[in-house]
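# Overview (structure and organization)
One letter stands for each residue in the lines below.
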Amino acid sequence: MRPGPPACETHEMFFLQDPSLFTMGMWSIGVGALGAAALALFLANTDVFLPKSQKAALEYLEDTDLKTLEKEPRTFKAKELWEKNGAVIMAVRRPGCFLCREEAMDLSLLKPKLDELGVPLYAVVKEQLSTEVEDFQPYFKGEIFLDEKKKFYGPQRRKMMLLGFVRLGVWRNFFRAWDRGISGNLEGEGFILGGVFVVGSGRQGILLEHREKEFGDKVNVDSVLEAARKIKPQTLASEEK
């Protein structure tokens, strides 16, 4: 009795005799791959894969070493920024980023009202490259300091990598800033996400903490102003005791 053809040859012959089965199989694989890609895209636009944030305690921030950006920099503790009158502080993700420049512009629009309240506006950056901070200054109407240890970006530093470029919200933010005619560059580290803080005077604490969840996730400036109005200058707080 002659042996029959191997099983693999039998399957090959079967598909050759009926090509529609082969086409259906490839179509099923294609649909499966497309479905997996669609699911991945959907999940990428939810909060499932977003970096989790951890709120910063006042004690954590106030012990931060900051440096002035002068030729002979002075190092001081961050609590000097808000000890007397509180402060609004922007932790800039990247000075050359046009989305960061847009948020800086929006915060700077609050400057007249903050001045009326006696609340200063500051920013911190995590690195000082070339003229990046100098080029950022026209967009931001406050003093800027260097946070080399990136404490204002913690306690748990959050990064957004390539995921940011498949999020619809990020692209909306891109187009919004482009429509406003804001430009930028690609210099410097831009994956560690930033934020905005409103800190009360003395031991009043952190009144608002906005953590950037994706590129261009701006703080609500009305919320910033509302929090700033709650600040009690140290002299006033002492009188009320």
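Residues numbered from 1 in each chain as written. Predicted model: local features only at pLDDT ≥ 70, side-chain atom pairs only at ≥ 80, totals over all residues. Heavy atoms only, no water.

- As annotated in an unreviewed UniProt entry, the protein chain is Peroxiredoxin-like 2A from Equus przewalskii.
- Under Sequence similarities (unreviewed entry), UniProt gives the following word-for-word description of the protein chain: "Belongs to the peroxiredoxin-like PRXL2 family. PRXL2A subfamily." (UniProt positions renumbered as here; feature names shortened; annotations may be inferred.)

## Examining the overall build of the protein chain
- The number of helices and strands found in the protein chain is 9 helices and 7 strands.
- Out of the 241 residues in the protein chain, the part that is buried amounts to 40%.
- Counting only contacts in the protein chain whose residues sit at least 6 apart along the sequence, the fraction spanning at least 24 positions is 72%. (Helix = DSSP H or I, 4+ residues; strand = E, 2+ residues; numbered from the N terminus. Buried < 20%, exposed > 50% of the residue type's maximum accessible area, 1.4 Å probe, protein only. Contact = heavy atoms within 4.5 Å.)

## Looking at the nonpolar core
- In terms of nonpolar packing, the biggest core is built from 37 residues, with V88, M90, L114, F140 and V224 touching the most fellow members.
- The set of elements that each furnish at least two residues to this core consists of β3 (87-91), α4 (98-108), β4 (121-125), α6 (132-136), β5 (143-146), α7 (168-179), β6 (195-199) and α8 (221-228).
- Sort the elements by how many residues they give to this core and α4 lands first, with 5 residues.
- In this view, V88 contacts L114, V119, P120, L121, Y122, V196, F197, V198 and V224; residues no more than four positions away in its chain are not counted. (Core = buried A, V, L, I, M, F, W, Y, C linked by side-chain atoms within 4.5 Å.)

## Some points on the packing of aromatic side chains
- A complete count under the given rule lists 10 aromatic pairs for this structure.
- With 6.1 Å between their ring centres and 20° between their planes, F136 and F140 make a pair best called stacked. Residue F136 shares its accessibility class with F140, and that shared class is buried.
- Note on W171 and F175: the rings are 6.3 Å apart at their centroids and 40° apart in plane angle, and the pair reads as tilted. Of this pair, W171 and F175 are both found in helix α7, 4 residues apart, which corresponds to roughly one turn of the helix. (Phe/Tyr/Trp six-rings, centres within 6.5 Å; stacked < 30°, edge-to-face > 60°.)

## Let's talk about the pattern of salt bridges
- Going through the model one piece at a time under the given rule, you end up with 16 salt bridges.
- A salt bridge links D63 to K77, with the shortest nitrogen-to-oxygen separation between them at 3.4 Å. Taken together, the positions of D63 in the loop between α3 (58-62) and β1 (65-67) and K77 in strand β2 (residues 75-77) put the pair 14 residues apart, joining distant regions of the chain.
- On the basis of relative accessible area, D63 is assigned to the partly exposed category, the value being 43%.
- With a shortest N-O distance of 3.2 Å, E148 and K67 are connected by a salt bridge. A residue pair is termed long-range when its members are at least 10 positions apart, and E148 in the loop between β5 and α7 and K67 in strand β1 qualify at 81 residues.
- When its relative accessible area of 44% is taken as the criterion, E148 is described as partly exposed.
- Through salt bridges with shared partners, a single ionic network connects E102, D106, R176, R180 and K218. (Salt bridge = Lys/Arg side-chain N within 4 Å of Asp/Glu carboxyl O.)

## So, the packing of α4 against α7
- One can describe the packing of α4 onto α7 by two numbers: an axis separation of 10 Å at closest approach and a directional angle of 65°. Crossing angle aside, the handedness with which α4 passes α7 is left-handed. Judged by residue contacts, F98, L99 and E102 of α4 engage N173, F174, R176, A177 and W178 from α7.
- When its residues are assigned to classes, the contact of α4 with α7 shows 5 nonpolar, 1 polar and 2 charged. (Axes fitted to C-alpha atoms, helices over the stretch in contact; angles between N-to-C directions. Left-handed = near helix turned anticlockwise from the far one by under 90°. Nonpolar A, V, L, I, M, F, W, Y, C, P; charged D, E, K, R; others polar.)

## Remarks on the side chain of K151
- Its place among the elements puts K151 in the loop between β5 and α7.
- Buried charge without a partner: K151 forms no salt bridge, and the closest opposite charge is D63, 4.5 Å away.
- Residues in contact with K151, not counting those within four places in the same chain, are Y60, L61, D63 and T64. (Lys, Arg positive; Asp, Glu negative; His and termini not counted.)

## Focus: the environment of R176
- Among the secondary structure elements, R176 is positioned in helix α7.
- Assessed through its relative accessible area of 28%, R176 is described here as partly exposed.
- Sequence separation between R176 and L99 is 77 residues, and the spatial gap between their C-alpha atoms is 9.0 Å.
- Of the polar contacts made by the side chain of R176, one reaches the backbone oxygen of G216; its length is 3.2 Å. (Polar contact = N/O pair within 3.5 Å; in protein donor to acceptor, adjacent residues only side chain to side chain.)

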